[in-house]
Amino acid sequence: MDLTFASISEIADAVKSRKVSAKEVAQHFQKRIDALNPKLNAFTSLNLQAVQDADALDARIAKGEDVGLLAGVPFGIKEMFCTKGLTTTAGSKILENFVPPYDATAVARLKKSGIVVMGKLNQDEFAMGSSNETSFHGVVKNPWDLERVPGGSSGGSAAAQASRLVAGTLGTDTGGSIRQPASFCGIVGVKPTYGRVSRYGIIAYASSLDQAGPMVSSVKDAALTLEVISGFDPHDSTTAQKKVPAWSQSLKADVKGMKIGLMKEYMTGSLDPDVQKTVENSVDTLKKLGAEIVEVSVPMTEFAVPVYYLVAASEASSNLSRYDGVKYGYRAEFKNLSAVDLEEFYSQTRGQAFGAEVKRRIMLGTYCLSSGYYDAFYNKAGQVRRLIMEQYLEAFKKCDVILSPVTTAPAFKIGERVSDPLAMYLNDIFTTSTNLAGLPGMSVPYGQSQSGLPIGVQLTAGHFEEQKMLNVAYALEGASLVKGKHPHVI
């Protein structure tokens with residue numbers, strides 16, 4: 001078995017049947033990380049106990065214990081997730097030395113299923129970014145072209161997965177942070193329905209939007225990983241008390257008779273020709289497979305980007321107020337601390353430790369929440385958000401799944417948009433409305449640009465209808481023009 005390109009289930013089956021040891025698997029991927037990470041900057045820190053953890057797993061297997069569905073599968077975890085004993089910085093200087101005493105629920109469930117955590121993955125600071133250029137740990141490179149961004153904010157997860165430094169990764173998605181980098185790096189990324197996966201132990205950015213999900217190499221691997229991390233969690237009151245289906249066992253590529261919605265608001269405008277062609281090709285494929293294509297409309301998506309940035313920035317302003325240099329995290333140095341007033345203490349500490357993009361969003365959010373402006377901005381954004389969700393529910397009465405682009409263009413060059421916040425924010429034009437409505441969405445790789453960059457298509461389903469979405473993705477994956485292709489860097 002070629003470990004580098006083996007699926008998650010292939011690795012787990014081989015480890016459980018003792019055809020290969022978990023230790024050998026961990027050592028294989030550790031060598032890949034050592035060789036390739038200096039080019040990519042995907043990992044920010046490594047789990048120095050990974051091989052020992054794998055060795056302990058082998059010992060349990062030798063005793064006949066059931067070690068779980070994902071036995072011995074090496075995973076990388078985005079910096080947003082608390083991981084017991086491993087540094088968790090959220091890509092920020094203010095948390096540069098933070099070592100959590102507990103695991104996030106999603107990580108704990110993966111560990112219980114037998115994964116081996118290889119280390120932590122780079123990201124935009126506090127998940128605020130679309131290019132992975134705002135991280136305290138530096139820029140992540142796209143393995144398909146080292147001069148281009150991997151997308152954000154889960155850029156480290158996408159780059160590590162695309163270059164097969166691990167067999168699976170976890171990411172978070174607040175406005176497209178799983179789907180956009182998945183598209184830019186040619187992997188599968190799933191944002192589940194809000195409430196499917198616990199947010200307990202995920203460093204909060206925008207609590208009503210944040211979701212965790214798998215970023216892996218195939219639709220089946222995504223379904224399998226999602227099964228493991230989903231389900232009610234008493235630590236998170238927003239998780240749904242819904243039964244978790246066995247998505248991976250129910251996958252089928254037969255889409256005959258399914259209705260695929262094309263949102264007319266997303267099919268016009270300034271799409272890059274390669275993205276346009278990829279979407280058209282995916283639609284043609286689904287037609288040939290027997291799906292019916294119908295036009296749907298969600299007119300309020302026109303306001304999705306401004307509404308998203310009002311809601312997200314407001315919640316970020318509140319969530320990040322806890323980082324004050326008192327309880328934990330970075331504290332500015334003062335020659336005579338007792339002579340410093342509180343305002344100066346906070347100003348120096350937060351001013352030195354937060355990056356420019358985080359400061360911009362905190363200021364925007366604080367303004368929106370301030371007296372006299374709360375109703376005009378945050379409340380109004382909430383009302384428009386409700387209308388967006390209602391229009392999506394109407395659209396799903398006409399179709400099973402909505403297909404659309406993930407982004408307007410393939411991965412852009414490092415530095416190309418970082419000085420233009422508006423251009424960067426508009427990068428999220430096709431992904432934010434899914435978060436505002438709490439719907440499941442995913443990116444599945446389907447095409448390539450003329451310069452060889454991967455391009456994904458986005459699938460969105462109704463609340464808790466992940467199976468429909470995964471089935472359409474499974475069908476597209478079978479006909480994908482990039483199936484079996486890998487970045488040159490590996």
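All values derive from a computational prediction rather than experimental measurement.

## A short note on empty space enclosed by the protein
According to the stated counting rule, one finds one cavity of 30 Å³ or more in the structure shown. By volume, the largest cavity amounts to about 70 Å³. Along the wall of the largest cavity there are 14 residues; nearest its centre are Gly129, Ser130, Ser177, Tyr308 and Asp428.

## A word on the pairing of strand β10 (residues 441-448)
With seven of eight residues buried, β10 is to be regarded as a mostly interior element. One ladder, built from seven bridges, connects β10 with strand β11 (residues 454-461); its direction is antiparallel. Residue Gln448 lies in a different strand from β11, and its bridge partner there is Pro454. Remark: five residues form the turn of the hairpin made by β10 and β11, two consecutive strands paired antiparallel; Gly452 in that turn has positive phi of roughly 90°.

## A closer look at the side chain of Asn122
Mapped onto the elements of the fold, Asn122 is located in the loop between β3 (116-121) and α5 (155-162). According to the relative accessible area criterion, Asn122 is buried, its value standing at 0%.

## A few points about the packing of aromatic side chains
Using the criterion set out here, one finds 15 aromatic pairs in the structure. Centroid distance Tyr323 to Tyr328: 6.2 Å. Interplanar angle 90°. Geometry classified as edge-to-face. For Tyr328, a relative accessible area of 34% corresponds to the partly exposed category. Through a chain of ring-to-ring contacts, three or more aromatic side chains come together here, namely Phe98, Phe126, Tyr323, Tyr328 and Phe354. The residue whose ring lies beneath Lys242 is Phe464, and the NZ or CZ to ring-centre distance is 5.0 Å.

## Overview of the pairing of β11
Taking burial as the measure, the eight residues of β11 include eight buried ones, the bulk of the element. Burial along β11 is two-sided: the residues Pro454, Gly456, Gln458 and Thr460 and Ile455, Val457, Leu459 and Ala461 are all buried. Strand direction decides the pairing type here: strand β9 (residues 401-405) and β11, joined by five bridges, are antiparallel. Each bridged residue has a counterpart across the sheet, and for Ile402 the counterpart in β11 is Thr460.

## Quick notes on the environment of Ile490
Locating Ile490 in the fold gives a position in the segment after α15 (466-478). Measuring from C-alpha to C-alpha, the distance between Ile490 and Thr278 comes to 25 Å, with 212 residues separating the pair along the chain. Here Ile490 is in contact with Phe5, Arg32, Leu36, Ala162 and Ser163, once residues within four sequence places are set aside.

## As for the sheet that holds β11
The strands making up a sheet associate through backbone hydrogen bonding, with each pair oriented either parallel or antiparallel. Strand order across the open sheet formed by 11 strands is β1-β3-β2-β4-β6-β5-β10-β11-β9-β7-β8, with mixed pairing between neighbours. Every other strand in the sheet has two partners, leaving β1 (43-46) and β8 (292-296) as the edge strands with one partner each. The average undirected angle you get between the axes of adjacent strands in this sheet is 30°. Bridge count between strand β5 (residues 188-191) and β10: three bridges; the pairing is antiparallel. Across the sheet, residue Gly189 finds its bridge partner in β10, namely Ser443. α5 rests against β1, β2 (74-78), β3, β4 (168-173) and β6 (211-216) of the sheet, and its axis sits at about 155° to β4.

## Structural notes on unusual backbone geometry
Residues Gly152 and Ser153 are joined by a peptide bond in cis, for which omega reads 5°. Tracing the chain through its elements places Ser153 in the loop between β3 and α5. One non-glycine residue with positive phi stands out, namely Asn41, at about 60°. The exposure class of Asn41 is partly exposed, given its relative accessible area of 23%.

## Points about the packing of helix α7 (residues 219-229) against α15
The interhelical angle for the contact between α7 and α15, taken along N-to-C directions, is 160°, at an axis separation of 9 Å. As far as their axial angle goes, α15 and α7 are roughly antiparallel. In this structure, α7 uses Val219, Ala223 and Leu226 to contact α15, whose residues at the interface are Glu466, Leu470, Ala473, Tyr474 and Glu477.

## Focus on a nonpolar patch on the surface
A contiguous nonpolar surface patch, about 260 Å² in accessible area, is contributed by Leu422, Leu426 and Ile429. Position of Leu426 relative to the elements: it lies in the loop between α13 (421-425) and α14 (432-437). Assessed through its relative accessible area of 42%, Leu426 is described here as partly exposed.

## Structural notes on the environment of Asp53
With respect to the helices and strands, the residue Asp53 is situated in helix α3 (residues 50-62). Under the relative-accessibility criterion, Asp53 is labelled partly exposed at 37%. Distance from Asp53 to Ile115, taken between C-alpha atoms, is 9.4 Å for residues 62 residues apart in sequence.

## Quick word on the nonpolar core
In a soluble, globular protein the nonpolar side chains are often hidden away together inside. Counting residues in each nonpolar core, the largest one holds 136 residues, and the members touching the most others are Phe126, Tyr392 and Leu459. Examining the composition of this core, we find that eight residues originate from one element, helix α9 (residues 304-319), more than from any other. Those residues in contact with Phe126 that lie beyond four places of it in its chain are Met80, Ala90, Ser92, Ile94, Leu95, Ile203, Tyr205, Leu320, Tyr323, Phe354 and Val358. Counting nine residues, the second largest nonpolar core, distinct from the first, contains Trp144, Ala158, Ala162 and Ile187.

## Here's the deal with helix α1 (residues 8-16)
Along α1, the positions that sit buried rather than exposed are Ile8, Ser9, Ile11, Ala12, Ala14 and Val15. In this structure, the buried side of α1 is in contact with α2 (22-40), α3, β2, β4, β6 and α7. The positive-phi residue at the C-terminal boundary of α1 is Arg18, with phi of around 65°.

Definitions and cut-offs
Residues numbered from 1 in each chain as written. Predicted model: local features only at pLDDT ≥ 70, side-chain atom pairs only at ≥ 80, totals over all residues. Heavy atoms only, no water. 1 Å grid on protein atoms, 1.4 Å probe; cavity = no way out; pocket = protein on both sides within 12 Å on 5 of 7 lines; lining within 4 Å. Points joined across faces, edges and corners; volume = space filled by probe spheres on them. Buried < 20%, exposed > 50% of the residue type's maximum accessible area, 1.4 Å probe, protein only. Helix = DSSP H or I, 4+ residues; strand = E, 2+ residues; numbered from the N terminus. Pairing = 2+ DSSP bridges. Phe/Tyr/Trp six-rings, centres within 6.5 Å; stacked < 30°, edge-to-face > 60°. Lys NZ or Arg CZ within 6 Å of the ring centre and 35° of its normal. Contact = heavy atoms within 4.5 Å. Axes fitted to C-alpha atoms, helices over the stretch in contact; angles between N-to-C directions. Parallel < 35°, antiparallel > 145°, perpendicular 65-115°, else oblique. Patch = residues over 30% accessible without salt bridge, like charges linked within 9 Å, V, L, I, M, F, W, Y side chains within 5 Å. Areas by Shrake-Rupley, 256 points an atom, 1.4 Å probe, with all protein chains shown as cover. Salt bridge = Lys/Arg side-chain N within 4 Å of Asp/Glu carboxyl O. Core = buried A, V, L, I, M, F, W, Y, C linked by side-chain atoms within 4.5 Å.

Interpretation note: all reported values are geometric properties and have no functional meaning in isolation.
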